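Remarks on the overall topology
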Amino acid sequence: MVWLLFVALVPFSAFFVGEYGNFQLPNIFFDLNLLAIGFLLFLNWRHALNSGLTDEMDEEVKKSSLRINLMLPAISILALALTFLPFIKEYGYGWSSLAYLLIPVIKQFQ
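Every chain is numbered on its own, with residues counted from 1 as its sequence reads. Totals for whole chains, interfaces and linings use every residue, but because this is a predicted model, local features are given only for residues with pLDDT of at least 70 and side-chain atom pairs only at 80 or more, for both listing and counting. Hydrogens are left out, water is left out, and the side-chain values use all remaining heavy atoms of the structure.

Where an unreviewed UniProt entry is consulted, the protein chain appears under the name Membrane protein, with the organism given as Methanobacterium formicicum.

**Comments concerning the packing of helix 3 (residues 24–50) against helix 5 (residues 71–82)**
Put simply, helix 3 and helix 5 touch, their axes get as near as 8 Å, and they point 160° apart. Viewed along their axes, helix 3 and helix 5 adopt a mutual orientation that is roughly antiparallel. Regarding helix 3 and helix 5, the two cross each other, and that crossing is left-handed. Residues Ile28, Asp31, Leu32, Leu34, Leu35, Ile37, Gly38 and Phe39 of helix 3 pack against Leu72, Pro73, Ser76, Ile77, Ala79 and Leu80 of helix 5. Polar here means any residue other than Ala, Val, Leu, Ile, Met, Phe, Trp, Tyr, Cys and Pro, which are nonpolar, and Asp, Glu, Lys and Arg, which are charged; Gly is therefore polar. Split by residue class, the contact of helix 3 with helix 5 holds 11 nonpolar, 2 polar and 1 charged. Helix axes are fitted to C-alpha atoms over the stretch in contact, other axes to C-alpha atoms as well, and angles between N-to-C directions run from 0 to 180 degrees. Only runs of H or I of at least four residues qualify as helices and only runs of E of at least two qualify as strands under DSSP, and these elements are numbered from the N terminus. Here the word oblique covers every angle except those under 35 degrees (roughly parallel), over 145 (roughly antiparallel) and from 65 to 115 (roughly perpendicular). Definitions for this section: a left-handed crossing has its near helix turned counterclockwise from the far helix by less than a right angle. A right-handed crossing has that turn clockwise. Contacts are assigned to residue pairs that have any heavy atoms within 4.5 Å of one another.

**Remarks on the packing of aromatic side chains**
Geometry of aromatic contacts follows a simple scheme: Phe, Tyr and Trp rings, the Trp one being its six-membered ring, pair when their centres are within 6.5 Å, and the pair is stacked under 30 degrees between planes, edge-to-face over 60, tilted otherwise. Considering all chains together, one arrives at 5 aromatic pairs under this definition. Aromatic side chains Phe16 and Tyr20 sit 5.9 Å apart centroid to centroid with 70° between the ring planes, which places their arrangement in the edge-to-face category. Here the residue Phe16 and the residue Tyr20 both occupy positions in helix 2 (residues 10–20), the gap between them amounting to 4 residues, near one helical turn. In this structure Phe16 comes out as partly exposed when scored by relative accessible area, which is 21%. Exposure remark for Tyr20: the relative accessible area of 42% places this residue in the partly exposed category. An aromatic cluster is defined as three or more aromatic residues linked by ring pairs; in this entry it consists of Phe12, Phe16, Tyr20 and Phe29. Note on classification: 1.4 Å probe, protein chains only; a residue is buried when its accessible area is under 20% of the maximum for its type, exposed when over 50%, partly exposed between these limits.

**A word on the UniProt feature "transmembrane region" (unreviewed entry) in the protein chain**
UniProt positions are given in the numbering used here, feature names are shortened, and annotations may be inferred rather than shown by experiment. Mapped onto this numbering, the UniProt entry annotates "transmembrane region" (unreviewed entry) at residues 24–45 and 66–88. The annotated region residues 24–45 carries 100% helix and 0% strand content, and the separation between its end C-alpha atoms amounts to 32 Å. With 83% helix and 0% strand, residues 66–88 has end C-alpha atoms that lie 31 Å from one another.

See the structure below:
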């Protein structure tokens, strides 16, 4: 239920960034929202794997799925860190969201 709370906040946080993307606070709010979604999804999936709630999966597939589920929190932390860099302030805080473009690139090499 808590995970769904953060998922339901995505349209608001995206609107917040869309309207006030040149300010730091909306970008931090968006990044923290995606961090919470990714981390709670990772915890949910890890619980399912450790409790035997998944059917006959190889250990390699289990490890791979956990790595994939950690991708969103890791990139959210990167985007959050980018909002605090001094040169981002010069060009606008919205540029820190470009870190999310790494997701398809990283997934390609999985």
